[in-house]
Amino acid sequence: AMAGDCTYQIAVDAPYFMYGTATDGIYRSLTTLPWLDLSASYWDQAANEMFTIGGKLYFTMGSLCIGNYGSAGVLFLNRDLAEDLHIPDLYEKVWDGTWTVDEMLAYSKIATIDLDGNGRIDNDNDQWGTVFCHPQIYPIFPIALGFRYTQKDEDGSYKFVLETERNLDILYACEDLVEYSVLGYDWEGFVEGRALTDTGGGYIFNEGRALFFFEIASAGMSEAECDYGILPIPKYDAEQENYTTSSVCYQSTVVCVPRILSEADADKAGFMLEMMSALSEVTTFPTYVEKLLEMKKSPDPESTRVLQLVFSHMTYDFMYSYYVLHFPRIITSMVFEKNTDRFASTMKQYVGGLEVALEDLELAFLSHES
C-alpha cells in the first residue's frame, strides 16, 4: 500500500493473529495519536501496560473491544448439584474474599462420584468435580491464580519469570485439581497439535453431572439442564488482591491504526477510537453484559455482579496473548499429564529458545518508527 492510502483506518483482530504484522512495523504507536486519552477508564490499563514496549503501543483494548469480555474465562456453577451436596453458599465466599483454589479443590473432591459403581470415573455415566473446556483456553486459569510467564524490568523490557516458587506452587495446585476434573476436548489431539474433537465435557455439565465448568463468559449454555450461576476463577489464596481473569488469545480483540495513514487520517482514526471507546463504556459494554446474562437460562444478580467484578480486573500475560512459540501448550500439558515435578528440567530445555524469541520480538517492535 502507498503512504497515505486510507482504505482501512482502524484494524481490529486478536493479538494471537497480530504477532507477525506487529513485528513487520505496519502499525502506528497509539501514543502518537493526540485524540487518544489512554489513561481514561474506558481504555484497559492492564492491556496498555502489557502491550507497551519501549514506549510504543501498537494496539490495545478498551470498552469497545467486546470480544475481549466475551472470551474471558469464568466458572459456571451447578447450583442444583451444590445444593444436593450441601455445599455452602459460594457467593458468600466470593464476596468475603475466601473463594480460593483450595476451596474449589475441596468441593470438586466431594462432587466426583463413581455413580455407576464400576470402579472408575468416566465421562458417560459418572459425576465430576470440574469440567475444563478447550485446552488452549485453559492457560487463563493459572494466569488468574497469579502464574506469570513474563514480567517487565524497570527499563520496560520483558524477561521470563517462569522459574519462581509461586509459579510452581500454582501449577501443583492446578495439578491437584486435575485429579477431579475432565477435559472437554480430546487430549491426544491437543498434544499432537492437530484439530481437536469435543469429547462431551460440556455435555457432562449440561446434564448436571459436574459441579464446575470452566468456560468463556459468552459460552452458549442453552442446553444446560441444571440451574447454574457464574463464579469468578478462584484466588490462589486469600492474600491475593483481586479475583481476575484473562481473555482467550485468539478470540480477544485489540484495536490498532495502520502506520501508512496520513497525519490527518491518523488523527481521525484516533478521534473515532476515542469516541467509540468512551461511548461504549456507558452504552455497548453494559448492554453486552446484560445480553450475555439473558442468553443464560437463569440470569441472577450474583452472576451479574461477578461479571462486572472480573471484567474490571482483567489481567494479561505477554507470552499467552501472543502465544509465543506455543509455549503455554507445554505448561497445559505438564498440568494435565501430572508432570509438574519436571518443571525445572522442562524450563532448562525451552528457556534458551524462549529468551531468543522474546528478544527478537522486542527488537522488531523497537526497530520500527512510531
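The structure we're discussing is the one just above.
Residues numbered from 1 in each chain as written. Predicted model: local features only at pLDDT ≥ 70, side-chain atom pairs only at ≥ 80, totals over all residues. Heavy atoms only, no water.

Peer 1: How would you summarise the overall build of the protein if you had to cite specific residues and measurements?
Peer 2: For the protein, the count of helices and strands is 16 helices and nine strands. By principal-axis analysis of the C-alpha atoms, the protein measures approximately 70 × 50 × 40 Å. Intrachain contacts of the protein at a sequence separation of at least 6 include 77% that bridge at least 24 residues. About 15600 Å² of surface is accessible on the protein, with carbon and sulfur atoms providing 51% of the total. Of the charged side chains in the protein, 23 are positive and 57 negative; the average position of the first set lies 1 Å away from that of the second. (Helix = DSSP H or I, 4+ residues; strand = E, 2+ residues; numbered from the N terminus. Contact = heavy atoms within 4.5 Å. Areas by Shrake-Rupley, 256 points an atom, 1.4 Å probe, with all protein chains shown as cover. Lys, Arg positive; Asp, Glu negative; His and termini not counted. Charge placed at Lys NZ, Arg CZ, Asp CG, Glu CD.)

Peer 1: Describe the packing of aromatic side chains, naming the residues involved and giving the relevant values.
Peer 2: Summed over the entire model, instances satisfying the criterion amount to 29 aromatic pairs. Measuring from ring centre to ring centre gives 5.9 Å for Phe132 and Phe336, while their planes differ by 90 degrees; the resulting arrangement is edge-to-face. In this pair, Phe132 sits in strand 3 (residues 128-132) while Phe336 sits in helix 15 (residues 327-336), placing the two residues 204 residues apart along the sequence. The exposure classification of Phe132 matches that of Phe336, with both residues buried. Seen in terms of ring centroids, Tyr149 and Phe327 are 6.4 Å apart; in terms of plane orientation they differ by 80 degrees. Their pairing is edge-to-face. Of the two residues, Tyr149 is situated in the loop between helix 7 (140-145) and strand 4 (150-152) and Phe327 in helix 15; the sequence distance between them amounts to 178 residues. (Phe/Tyr/Trp six-rings, centres within 6.5 Å; stacked < 30°, edge-to-face > 60°. Buried < 20%, exposed > 50% of the residue type's maximum accessible area, 1.4 Å probe, protein only.)

Peer 1: Account for helix 6 (residues 101-111), with residues named and values stated.
Peer 2: Every α-helix carries 3.6 residues per turn, so stepping three or four residues along brings you back to the same face. For helix 6, the full list of buried residues reads Val101, Met104, Leu105, Tyr107, Ser108 and Ala111. Packed against the buried residues of helix 6 are strand 2 (73-78), helix 5 (90-95), strand 3, helix 7, helix 8 (165-178) and strand 7 (210-216).

Peer 1: Let's hear about the sheet that holds strand 3: which residues, and what values?
Peer 2: The five strands are arranged 6-3-7-2-8 in an open sheet whose pairing can be described as mixed. Each end of this open sheet is capped by a strand with a single partner; those strands are strand 6 (181-183) and strand 8 (228-231). Strand-to-strand twist across the sheet, computed as the mean angle between neighbouring axes with direction ignored, equals 25 degrees. (Pairing = 2+ DSSP bridges. Axes fitted to C-alpha atoms, helices over the stretch in contact; angles between N-to-C directions.)

Peer 1: Tell me about the side chain of Gln240, and please be specific about residues and values.
Peer 2: Turning to its location among the elements, Gln240 is positioned in the loop between strand 8 and strand 9 (254-256). Residue class for Gln240 comes out buried when judged on its relative accessible area of 13%. Engagement of the side chain of Gln240 in a polar contact is seen with the backbone oxygen of Ala144, the distance being 3.0 Å. (Polar contact = N/O pair within 3.5 Å; in protein donor to acceptor, adjacent residues only side chain to side chain.)

Peer 1: Help me get a handle on the nonpolar core, residues and values and all.
Peer 2: Ranked by size, the top nonpolar core spans 118 residues in total, and within it Phe59, Trp99, Phe141, Phe212 and Phe311 carry the most contacts. Of the residues forming this core, the biggest block, seven residues, is contributed by helix 16 (residues 343-366). (Core = buried A, V, L, I, M, F, W, Y, C linked by side-chain atoms within 4.5 Å.)

Peer 1: Pulling in residues and values, what's your account of the pairing of strand 7?
Peer 2: For strand 7, the tally of buried residues reaches seven of seven residues, placing the bulk of the element in the interior. In this structure, strand 2 lies alongside strand 7, joined through five bridges in antiparallel fashion. Paired with Gly73 across the bridge in strand 7 is Ile216. Bridge analysis of strand 3 against strand 7 gives four bridges, and the strand direction is parallel.

Peer 1: An account of the state of the cysteines is needed here, citing residue identities and associated values.
Peer 2: Summed over all chains, the structure comprises zero disulfides. Looking at the unpaired Cys133, the closest cysteine sulfur is the one in Cys249, lying at 12 Å. A residue is classified by how much of its surface remains accessible, and Cys133, at 4% relative accessible area, is buried. For Cys256, which is in no disulfide, the shortest distance to another cysteine sulfur is to Cys65 and amounts to 10 Å. On the basis of relative accessibility, which here comes to 0%, the residue Cys256 falls in the buried class. (Disulfide = S-S within 2.5 Å.)

Peer 1: Lay out unusual backbone geometry in plain terms, naming residues and giving numbers.
Peer 2: Located in the positive-phi region is His86, a residue other than glycine, with phi close to 60 degrees. As for its position among the elements, His86 is in the loop between helix 4 (79-84) and helix 5. Taking the relative accessible area as the measure of exposure, His86 reaches 71% and is therefore exposed. Phi is positive for Tyr323, which is not a glycine, with a value near 55 degrees. Looking at the secondary structure, you find Tyr323 in the loop between helix 14 (318-322) and helix 15.

Peer 1: Provide a residue-level description of the pattern of salt bridges, including the pertinent values.
Peer 2: Applying the stated rule across the entire model yields eleven salt bridges. Put simply, Asp237 and Arg166 hold a salt bridge, and the shortest N to O gap is 3.4 Å. Within this pair, whereas Asp237 is found in the loop between strand 8 and strand 9, its partner Arg166 is found in helix 8, the two being separated by 71 residues in sequence. For Glu179, the salt bridge goes to Lys338, with nearest N and O atoms at 2.5 Å. Of this pair, Glu179 sits in the loop between helix 8 and strand 6 while Lys338 sits in the loop between helix 15 and helix 16, and the two are 159 residues apart along the sequence. (Salt bridge = Lys/Arg side-chain N within 4 Å of Asp/Glu carboxyl O.)

Peer 1: An account of the pairing of strand 8 is requested, with residue identities and associated values reported.
Peer 2: Burial of strand 8 is two-sided: the residues Tyr228 and Ile230 facing one way and the residues Gly229 and Leu231 facing the other way are all buried. In terms of strand pairing, strand 2 meets strand 8 through four bridges, oriented antiparallel. By the bridge assignment for strand 8, Leu77 is matched with Gly229.

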